[in-house]
Amino acid sequence: MPLWFARGLRRGVVTTRYPARPDPSAAELPTPPAFRPDALTRELADRLCRVCPSWALTRNGDVLIFDVGACTACGRCREAAPAAVTASGEFELAATDPAHLVKRIPLLGEGAR
Amino acid sequence: MNPASAAADSGKPAPEASPALVASTAHEASTAETADALRHSVSRQFGRSLHIRTLDTGSCAACEQEIRLLTAPHYDLHRLGFFFTPAPRHADLLMVTGPMIRAFDIAARKTYQAMPGPKLVVATGACALGGVYQPDAFTHGTVGETLPVDVWIPGCPPSPLALLHGLLVAVDRLAAKVRDLTFTRNGGDR
Amino acid sequence: MTAVRPGLAGEAPGLHGLLSELGRDAAAGDGPVVTVSVAGPDLEAAVRRLAAFPGARLADVFASGGNPAIRGDHVVLRLVWGLDSDQRYLVTDSVIEGERYPQLSDIAPAAFHEECEIYEQFGIRPEGGKPLNRVALPPQSGPGPALPRLGRAPAEPPAEVHAPHVVGGHAFEFPFGPVRQVGVESLYYGLVTSGEEIVDLYLFTWHKHRGVEWRMRGRTPREALFHVERTEGLGAVGAGWAFAAAAEAALGVDPPGQAMRARAVALELERLYNHAAATAALCQSTGLAVGQAAAEIALERLLRLNAAAFGHRYLFGVVDIGGVRRGPDATALRRELPGAYGELRHAADALLATNSFVDRLEATGILTQEAARRLGIVGPVARATGLATDVRADHPAEPYAGCPLAVAGAQSGDVLARFQVMLAEAAESVRLIGEFLQAGAGPGLTESPEGIAGRAGRSGLGWAESSRGEALAWVALDGSGRITRARLRPASVRNWRGFDDACRSQNVFTDIPIIEASFWLTVAGTSR
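Residues numbered from 1 in each chain as written. Chains lettered and ligands numbered in written order. Predicted model: local features only at pLDDT ≥ 70, side-chain atom pairs only at ≥ 80, totals over all residues.

Right, let's get into the packing of helix 14 (residues 415-439) of chain C against helix 17 (residues 511-519) of chain C. Residues and elements named next belong to chain C. Two elements in contact, helix 14 and helix 17, have axes separated by 9 Å at closest approach and are oriented at 30°. As summarised for this structure, helix 14 and helix 17 are arranged roughly parallel, according to the angle between their axes. With respect to the hand of their crossing, helix 14 and helix 17 are arranged in left-handed fashion. Across the interface between the two elements, V415, R418 and F419 from helix 14 touch I514, I515 and S518 from helix 17. Class assignment for the residues of the contact of helix 14 with helix 17 results in four nonpolar, one polar and one charged. (Axes fitted to C-alpha atoms, helices over the stretch in contact; angles between N-to-C directions. Helix = DSSP H or I, 4+ residues; strand = E, 2+ residues; numbered from the N terminus. Parallel < 35°, antiparallel > 145°, perpendicular 65-115°, else oblique. Left-handed = near helix turned anticlockwise from the far one by under 90°. Contact = placed C-beta atoms within 7 Å. Nonpolar A, V, L, I, M, F, W, Y, C, P; charged D, E, K, R; others polar.)

Right under this line is the structure:
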């Protein structure tokens, strides 16, 4: 027993301060994508929908519907279109209403501005 | 075409803040408010401490590993007043992983019914939230078809930090922020 | 410490001789996988011949075809033999025209589980009428459509018979699960006990059946890889590598060297974190909370290292068809790995010096070498009984080819032996990671995904030594490169049957979690 006690004292406390303080290890976690609406054409949106293996992306007219709950942060959409898709950096994603997890991303429409 | 996309079709940019799917009747809006109020009152009853039972409805085992790490020294769930219990009778919160395999429905319902009220259900991980598996002959694809879910935690698997956040949201000690996130970025931003 | 090959030791009379007996000449350019067609009537003789071949072990049995909607689409029964002394795999395929095929498990008992699975998925069964158990699909639980099968549903459901027990006094059976302790996967045990002693233990592993192989049909290999990784998340690299290698063999694709070394770094990191997790589980099962905390600190540091090095704590999304999508961050690895492994090493040293802990492990959950060979056990569980089976050494593919590897082993086959084998493997993994980084490990794909997509393929076998043992995959692609049949065989499929054996005799209830931790399998890996 003294063996364990001494080692524990030497190592010190490793417990995170989260939620009182942010935890630096969060910076290396994979996160869902963030989209640039001004770079998303219909064609690109359709390609992203096909590339997503988890059915998190569907297109409805000029809106890309992104289901954050279905997203696994696999990064395939980011790899397919790095100029239009980046990592959001968000990992605190819990929702009390599933509707809050469904995001509507506007696309460049026919009459793009 | 979905009438909800008519606003986008008209050429006007959609508003930056993403609203919830529009409740088409006043009745639906008040039902959502009532559900929220009920969850708040349940959370208040738990005070500063509650007990968690986990339930695997068909996960790949990664979610379970992250859940086990909640009591590990790096995260130490106990300092926040949460404890695990194997007995549903002692549990206040049911943490459910996996896509709800249809053959598991009965076991899932029995576990939920064995918990005395008030109780909360937290669906954990992309499989439980409708990702990875589509509804088909084997799985429901989402936990919400079998159990009434109070909090949804995305991730594949959700890291222990994300799980802590989700549990604290479930008991009203942290606000859910995903409602206000847009997952969009303008050109020139990071 | 001498180790023994799973087959017979001694000189191998020659693969060529064997193959010509099976009616096929080995070509000089034969690679590590040889495929032989064996006519249905000749199958029994071929199986006897192969089972007697020195160094041969039956690694997997599965079927394909048998689509009831296609007239004349007969079931093709495939047996995968590991000819470990010759560093080859031999795949035999036989068309089965009726509903019966020769009894395999009488000759090679390792095949019983697969015979049961083939019956449930394809409706064909071995001769002899031996009762088959339900291993794969859940029973029909009510009205509504039956679960889809890979082939034709069987005419009768499986009989579900377990061996009769005779024990002095009264024995009763008590069902446990599928909802078990907190934080563990769902699994049902049928425990037969006369009080405290375990007379028998059998598992129902079908609760988590997600139809993964069924779901992969019609997908491209790259799409399917996403599901392969999430079949057994704690073995994502092992399963992903085996599947990618199978697809690459089918497509004739050779990943670049630096990508293969990156895969190996990921595989060794996966081995490391799994062994750390098993250590923590062993401490938890023996009630040593301080040891558990120390092992969990090591585990968390290793998972954070995975995230820093490869972008995901469980190494999802690293393996790709034709290479790797992300290469390791070598700087982060070199900086963090010594400290993270040091935590595990110090915890293990302290544990092995703690008598109250070691006492719980010694002579608990003994699996004999004979049982391990008979049941086709793989991985650290097999190595702890003295069998020297490790596909990194037996079927060396890049980058393990030409890389000296110390295969860990022990003799006693108990929980302590398995723990010691895992610790020895962890040390070896750290050394290997250093070597692969030294030689250069980085991202790369031999061809772009667009280049591979749509290319016609044939079939291919892939393998990897996952943390639990040999992971196999076989895939058949159609003319446009889509999957017609994918077979996934993680090590857990094999090793759960060793768990029943290890729990029987001289063990009591409280030993079960200890034995389960020492096997460190997943339910998801077998129920898929």
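Moving on, we come to the packing of helix 7 (residues 257-285) of chain C against helix 9 (residues 330-352) of chain C. All names here are of chain C. Interaxial distance between helix 7 and helix 9 falls to 11 Å at its minimum, and their mutual angle equals 35°. Where helix 7 crosses over helix 9, the handedness of that crossing is left-handed. In this structure, helix 7 contributes L272, A276 and T279 to the contact, and helix 9 contributes Y341, L344, A347 and A348. Its residues assigned to classes, the contact of helix 7 with helix 9 comprises six nonpolar, one polar and no charged.

Residue and element names in this part refer to chain C. Across the sheet, four strands lie side by side as 1-4-3-2; this open sheet has mixed pairing. Edge positions in the sheet fall to strand 1 (33-37) and strand 2 (56-65), since each of these pairs with one other strand and no more. On average, each strand axis in the sheet is inclined to that of its neighbour by 20°, with strand direction left out of account. Strands in contact with helix 3 (residues 112-122) are strand 2 and strand 3 (75-83); relative to strand 2, the strand with the most contacts, it is inclined by about 5°. (Pairing = 2+ DSSP bridges.)

Opposite the 11 residues of chain A that make contact, chain C presents 13 residues. Here the side of chain A that touches chain C is composed, by residue class, of seven nonpolar, two polar and two charged.

In this fold, A439 of chain C is placed in helix 14. The spacing of A439 of chain C and L22 of chain C is 417 residues in sequence and 42 Å in space, taken between C-alpha atoms.

Counting residues at the interface gives 52 residues for chain A and 51 residues for chain B. The class makeup of the residues in the side of chain A that touches chain B is 29 nonpolar, 13 polar and 10 charged.

Here we take up the nonpolar core. Counting residues in each nonpolar core, the largest one holds 249 residues, and the members touching the most others are V122 of chain B together with A242, F243, A246 and V475 of chain C. Looking at which element gives the most residues to this core, the answer is helix 7 of chain C, with 17 residues. In contact with F243 of chain C, not counting residues within four places along its chain, are L225, V228, G462, A473, V475 and L488 of chain C. (Core = buried A, V, L, I, M, F, W, Y, C linked by C-beta atoms within 7 Å. Buried ≥ 20, exposed ≤ 12 C-beta atoms within 10 Å, placed from the backbone.)

Another point: the sheet that holds strand 3 (residues 93-97) of chain B. For sheets, the rule is that strands pair by backbone hydrogen bonds, running either parallel or antiparallel. All names here are of chain B. Taken together, the five strands give an open sheet; going across it, the order is 2-1-3-4-5, and neighbouring strands pair in parallel fashion. Both edges of this open sheet fall to strand 2 (82-84) and strand 5 (151-153), since each of them pairs with a single strand only. In this sheet, adjacent strand axes meet at a mean angle of 30° when their direction is disregarded. Here five bridges tie strand 1 (residues 50-56) to strand 3, and the two strands are oriented parallel to one another. Its bridge partner being in strand 3, T54 is matched across the sheet by M95. Its contacts with the sheet place helix 5 (residues 160-170) against strand 2, strand 3, strand 4 (120-124) and strand 5, and it is angled at close to 170° to strand 5.

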